[in-house]
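Each chain is listed here by its residues.
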Amino acid sequence: MDRYIEQAVAEIPQLIGIFVTAMPDSLLFSSWVRDGTSWSPEDVAAYFGDLVRANREGLKALGAWSSEMQVTIESAESLVVLRELSSDFVAGCVFERSAPLGMVRLHLKRLLERIAHVLPEVQAEDRPRGLRIMEFLDRYAPDPHAVALRVSLRAGISLDDLKMPGALTPDQVRRLEETACKILGVKQLGL
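Residues numbered from 1 in each chain as written. Predicted model: local features only at pLDDT ≥ 70, side-chain atom pairs only at ≥ 80, totals over all residues. Heavy atoms only, no water.

Undergrad: Would you mind going over the overall build of the chain with me for this structure?
TA: The secondary structure content of the chain amounts to seven helices and five strands. When the helices and strands of the chain are read in sequence order from the N terminus, they spell out α-β-β-α-β-β-β-α-α-α-α-α. Along the first, second and third principal axes, the C-alpha atoms of the chain reach 55 × 40 × 35 Å. Out of the 191 residues belonging to the chain, those deemed buried represent 40%. Summarising the internal contacts of the chain: among those between residues at least 6 apart in sequence, 54% fall at separations of at least 24. Taking the 22 positively charged and 27 negatively charged side chains of the chain as two groups, their mean positions are separated by 5 Å. (Helix = DSSP H or I, 4+ residues; strand = E, 2+ residues; numbered from the N terminus. Buried < 20%, exposed > 50% of the residue type's maximum accessible area, 1.4 Å probe, protein only. Contact = heavy atoms within 4.5 Å. Lys, Arg positive; Asp, Glu negative; His and termini not counted. Charge placed at Lys NZ, Arg CZ, Asp CG, Glu CD.)

Now the structure itself:
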C-alpha cells in the first residue's frame, strides 16, 4: 500500500504527507511523508483518527452527522484535510499552506478515490477494552511516563495487572475507565 500511495502522490507537489488510519482504534494503516519531515506517522495517524472520531460525535450531538464528513484545518504553515474513506478508514492529508484550496480539493478527490479503491475489507478485531483504554491514556494523559502509576494508585489496580491490561477483570476495567475519565477530565472515553 505504501508504494501505491507513493505513486499516487507523485502528481501533487504541494502535498507534505498523507496518513491512512484504521478505525476505530486510530492505528496507522499506511502513510507517505515528504523527505525531510520529522513527523512520527503513527502519532499523526492516531491523532487524526481521534480528531475525526471527536468531530463525528460533535456532529451527532448537533444532529448534523453525515457519512460525507470532512474536517479542514488551516494553520500558518499547512492545510490539513481529514476525510472518512469508509467506516474502517480515515485519510489525513497535509498540504503546504500556499496551496490554493480549490486545487487541494481537486487533488484530494482524485487521490482519495484511488486510495479507497485499493483498501481492504476489514474484519474488526475485538481488542480488550482494558488494552484500548491504556493505549488511549498513553497517548493523551498528562505525563504519560507516569500514567500507569497514577492509574494504579487511583483505581486500586496493581502495576503488574496494568502491564497486561487485556487480562483485567470486568470490575478492574470499569475502575480503569472511571480513573481514565478523571485523569483526562472527560465524562466518557470515545472508544
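After that view of the structure, there is still more to cover.
Undergrad: Looking at this model, I keep getting lost on the nonpolar core. Mind explaining?
TA: One broad trend across soluble globular proteins is that nonpolar side chains are buried collectively. Grouped together as the largest cluster of nonpolar side chains are 22 residues, with contacts concentrated most on Leu15, Ile18, Leu85, Cys93, Phe95, Leu111 and Ile115. Looking at this core, the elements that each hand over two or more residues are helix H1 (2–9), strand S1 (15–22), strand S4 (78–84), strand S5 (89–96) and helix H3 (101–118). Setting aside chain neighbours within four positions, we find Ile18 in contact with Ile5, Val9, Ser30, Ser31, Trp32, Gly92, Cys93, Leu111, Leu112 and Ile115. Counting 17 residues, the second-largest nonpolar core is a separate cluster that includes Ile133, Ala155, Leu168 and Cys181. (Core = buried A, V, L, I, M, F, W, Y, C linked by side-chain atoms within 4.5 Å.)

Undergrad: Hey, could you run me through the pattern of salt bridges in this one?
TA: When the charged atoms of two side chains lie near each other, side chains of opposite charge can form a pair. With the rule as written, the count across this model stands at 10 salt bridges. Where Glu178 meets Arg174, a salt bridge forms, and the shortest distance between an N and an O atom there is 3.0 Å. Placement of the pair is Glu178 and Arg174 together in helix H7 (residues 170–184), with a separation of four residues, close to one helical turn. We classify Glu178 as partly exposed; its relative accessible area is 40%. With relative accessibility at 41%, the residue Arg174 sits in the partly exposed group. The structure contains a network of salt bridges with shared partners spanning Asp171, Arg174, Arg175 and Glu178. (Salt bridge = Lys/Arg side-chain N within 4 Å of Asp/Glu carboxyl O.)

Undergrad: Sorry, what's going on with the domain arrangement of the chain here?
TA: How large an interface is tends to be reported as the accessible area lost when its parts come together. On domain assignment, one finds that the chain holds domain 1 (2–118) and domain 2 (129–184). Its C-alpha centre places domain 1 at a distance of 30 Å from the equivalent point of domain 2. Of the roughly 440 Å² buried at the junction of domain 1 and domain 2 (both faces included), carbon and sulfur atoms supply 43%. The largest contributions to the domain 1 side of the interface with domain 2 come from Asp25, Tyr47 and Asp50, which together make up 74% of the buried area. For the pair domain 1 and domain 2, the interface holds zero salt bridges. Our enumeration of links across domain 1 and domain 2 arrives at zero residue pairs in polar contact (both at pLDDT 80 or more). (Domains from an automatic or database assignment. Buried area = accessible area lost by both parts, 1.4 Å probe. Polar contact = N/O pair within 3.5 Å; in protein donor to acceptor, adjacent residues only side chain to side chain.)

Undergrad: In this structure, what is going on with the side chain of Glu177? I would like to understand it.
TA: Its place among the elements puts Glu177 in helix H7. On the accessibility criterion, Glu177 (19% relative accessible area) is buried. Apart from residues no more than four positions distant in its own chain, Glu177 is found in contact with Arg129, Ile133 and Leu189.

Undergrad: It is not clear to me how a nonpolar patch on the surface should be interpreted in this structure. Could you clarify?
TA: A cluster of nonpolar side chains, namely Leu149, Leu153 and Leu159, defines an oily patch on the protein surface of about 300 Å² accessible area. Here Leu149 shows up in helix H5 (residues 147–155). (Patch = residues over 30% accessible without salt bridge, like charges linked within 9 Å, V, L, I, M, F, W, Y side chains within 5 Å. Areas by Shrake-Rupley, 256 points an atom, 1.4 Å probe, with all protein chains shown as cover.)

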